[in-house]
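The residues making up each chain are set out below.
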Amino acid sequence: MAKTASEGFDTFLGWLTPTASERAKAASHRQSIKDKLESKFGVYRMFESGSFKHGTGVSGHSDVDYFVSLKSDRPVRSDSTLSAVRSALQDRFPFTRIHVERPAVVLEFGQGYERVEVIPAYAKERVTDKEVMKFNIPGVVDEWLESTPEAHASYVNDCNGTPKGGAKELARLVKAWKYYRNVPISSFYLEMRAAQYMEGETFLDYPQDIKRFLSRLQGHDLAAMNDPTGYTGRINACSTETKRNDALSKLNLAVTRATNALEEHKAGNTKKAFEWWDKLFNGEFPSYY
């Protein structure tokens, strides 16, 4: 329970932050995964990426993500690599549910409570000015896409510096909305948009900025964005047009709720503002007292 907007959002962010045990459980399978892929394909590198690594994960929803740079020849179709990696890991973990969710192979340990995503990648080139490695990873359909995971992690960290913690806190909040409202938007897209938004801000005001950020997404119409690091191409919000339409419908409702919450907050009606934030986050926001 909380009495002010700041207390409410601080409490909420505390709930959203994954625990050390969550991360440790999922990460405990790393060596076994690497050993299997090493024996099957050969591995140049295996390193952590994604929400946990960037500090934007949501408790109970985010996965531990691993980029695995394979030594095998890259096939024309990315589906071939995903199928081969899935088959190899299923052989190693026969009683674990393993399936493909592009661009990754997902392993659901602990009856699904310990999810690990393995992204098969092929080293493409090194961008010499900042020692950034480009990789090819599976795309939305069956193509290969360029990815620079280490550059994206650095970008989020840079944008998180001023205001301190702002980019990661905003990303965690909008990812919570995505998960609690089942919105089919890419977590990576939301993270890059949040970092880009905070890049031009000097402080983070939760009631105002969650509304402004959602409104900005609405104004963009969830269009693909240019990679803010400049190293790769466009970053898509949704994998299909059907999902984009669903996401836009839920986004429009979210903007209405965030706007109503902000108006009540400005008017001093804190209890009503909390009720609107609770609707925004599908009943998961702290109670007002």
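Before reading on, note that the structure itself is shown above.
Residues numbered from 1 in each chain as written. Predicted model: local features only at pLDDT ≥ 70, side-chain atom pairs only at ≥ 80, totals over all residues. Heavy atoms only, no water.

Asker: Looking at this model, I keep getting lost on unusual backbone geometry. Mind explaining?
Answerer: Geometrically, the link from Arg102 to Pro103 is a cis peptide bond, its omega value of 10 degrees lying close to zero. With respect to the secondary-structure elements, Pro103 resides in the loop between strand E3 (97–101) and strand E4 (104–109). Positive phi, normally seen in glycine, also occurs at Asn182, with a value near 55 degrees. A positive phi angle, near 55 degrees, is found at Asn282, a position not held by glycine. Take Asn282: it is sitting in the segment after helix H11 (270–280). Take Asn282: its relative accessible area is 38%, and that puts it in the partly exposed class. (Helix = DSSP H or I, 4+ residues; strand = E, 2+ residues; numbered from the N terminus. Buried < 20%, exposed > 50% of the residue type's maximum accessible area, 1.4 Å probe, protein only.)

Asker: Which parts of the structure should I look at to understand the pairing of strand E7 (residues 144–147)?
Answerer: Regular strands place side chains that alternate from one sheet face to the opposite one. Where strand E6 (residues 132–138) meets E7, four bridges bridge the pair, whose relative direction is antiparallel. Within E7, the residue paired with Pro138 across the bridge is Trp144. (Pairing = 2+ DSSP bridges.)

Asker: Would you explain the packing of helix H6 (residues 149–159) against helix H8 (residues 187–199) in this entry?
Answerer: In helix packing, the relevant descriptors are the interaxial angle and the interaxial distance, both defined with respect to the helix axes. Two numbers describe how H6 lies on H8: the axes approach to 9 Å, and their chain directions differ by 40 degrees. Crossing hand, H6 versus H8: left-handed. Facing His152, Tyr155, Val156 and Cys159 of H6, the residues of H8 in contact are Phe188, Glu191, Met192, Ala195, Gln196, Met198 and Glu199. Looking at the contact of H6 with H8 residue by residue, the class counts come to seven nonpolar, two polar and two charged. (Axes fitted to C-alpha atoms, helices over the stretch in contact; angles between N-to-C directions. Left-handed = near helix turned anticlockwise from the far one by under 90°. Contact = heavy atoms within 4.5 Å. Nonpolar A, V, L, I, M, F, W, Y, C, P; charged D, E, K, R; others polar.)

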